[in-house]
Amino acid sequence: MRVLIRSFFKLIRLLVTPFLLLWEKLGSRPQVRREPAAQQALDVLTANMCLYQFKTCPFCVKTRIHIKRLALNIRTKDAQHDAQARSELQVGGGKVQVPCLRIKGEEGDVWLYESDALIAHLDTLAG
Ligand SMILES: N[C@@H](CCC(=O)N[C@@H](CS)C(=O)NCC(=O)O)C(=O)O
């Protein structure tokens, strides 16, 4: 029974994946254009950030689209297939839940979970 349920969800995921990726492709155009100096200043801030994510997680797709719309340059790590990234997230953040934004700071890193909170944080950052 368990195998059947697992296979069912795997099938659903397989069917939904192309639509998720299409949604990301179509929705990812930058909607912000900054003066080079302003973009550079933001790039300095976002250089300390890293988004831990899964390629086909809908919450991650939503977050990646938002990041691209805000024209933010934030590195991503695949916590699904990259064992090291997964371990960093588990150890540093305390749980494997994506998306999670790691913000490196002098007094330690902040691990920001929950896509809505993360998006709100990035909106504030981008002005
Ligand atoms: N409320 C969370 C939901 C995030 C969530 O459910 N993420 C799933 C992937 S879609 C997850 O991290 N699952 C952990 C796992 O599969 O190991 C958000 O908006 O970020």
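Look above for the structure.
Counting of residues starts from 1 at the beginning of each chain's written sequence and follows it residue by residue. Restriction of local features to residues with pLDDT of at least 70 applies here, the model being predicted, together with a cutoff of 80 or more for giving and counting side-chain atom pairs; totals for whole chains, interfaces and linings are based on all residues. Only hydrogens and water are removed before side-chain values are computed, so all heavy atoms of the structure are retained for them.

A.B. asks: Honestly, the site of the ligand in this entry has me stumped. Any pointers?
C.D. replies: Here a residue is considered near a molecule or strand provided that any single heavy atom belonging to it is located within 4 Å of it. Every residue close to the ligand is listed here: F54, C57, F59, R86, V96, Q97, V98, P99, E114 and S115. Polar contacts, as used here, are pairs of N or O atoms within 3.5 Å; protein pairs need one atom able to donate a hydrogen and one able to accept it. Residues neighboring in sequence count only if both atoms are side-chain atoms. V98 is positioned with one of its backbone polar atoms (N or O) 2.8 Å from an oxygen atom of the ligand. Within the side chain of S115, an N or O atom sits 2.6 Å from an oxygen atom of the ligand. Residue burial considers only the protein chains on display, and all accessible areas are found by Shrake-Rupley using a 1.4 Å probe. For the ligand, the protein covers 65% of the area, taking 520 Å² as the surface of the free molecule. When residue character is reported, Ala, Val, Leu, Ile, Met, Phe, Trp, Tyr, Cys and Pro are called nonpolar, Asp, Glu, Lys and Arg charged, and the others, Gly included, polar. Tallied by class, residues from the shell around the ligand come to six nonpolar, two polar and two charged.

A.B. asks: Quick question: what am I supposed to make of the packing of helix α1 (residues 2-27) against helix α3 (residues 58-69) here?
C.D. replies: A packed helix pair is summarised by two numbers, namely the angle formed by the two axes and the spacing between the axes. Interaxial distance between α1 and α3 falls to 9 Å at its minimum, and their mutual angle equals 10°. The orientation of α1 relative to α3 falls into the category roughly parallel. Residues L20, W23, E24 and G27 of α1 lie in contact with α3, whose contacting residues are P58, V61, K62, R64, I65, K68 and R69. For the contact of α1 with α3, a count of residues per class yields five nonpolar, one polar and five charged. To get an axis, a line is fitted to the C-alpha atoms, and for a helix only the part in contact is used. The angle between two axes follows their N-to-C directions and goes from 0 to 180 degrees. In this description a helix means any DSSP run of H or I spanning at least four residues, a strand means any run of E spanning at least two, and both kinds are numbered starting from the N terminus. When an angle is under 35 degrees it counts as roughly parallel; over 145 it counts as roughly antiparallel; between 65 and 115 it counts as roughly perpendicular; any other value is oblique. Any two residues whose heavy atoms approach within 4.5 Å at even a single point are treated as in contact.

A.B. asks: What's the story with the side chain of E24 in this structure? I'm lost.
C.D. replies: Here E24 shows up in helix α1. A polar atom in the side chain of E24 sits 2.7 Å from the side chain of R64. Setting aside anything within four residues of it in sequence, one finds E24 in contact with V61, R64, I65 and K68.

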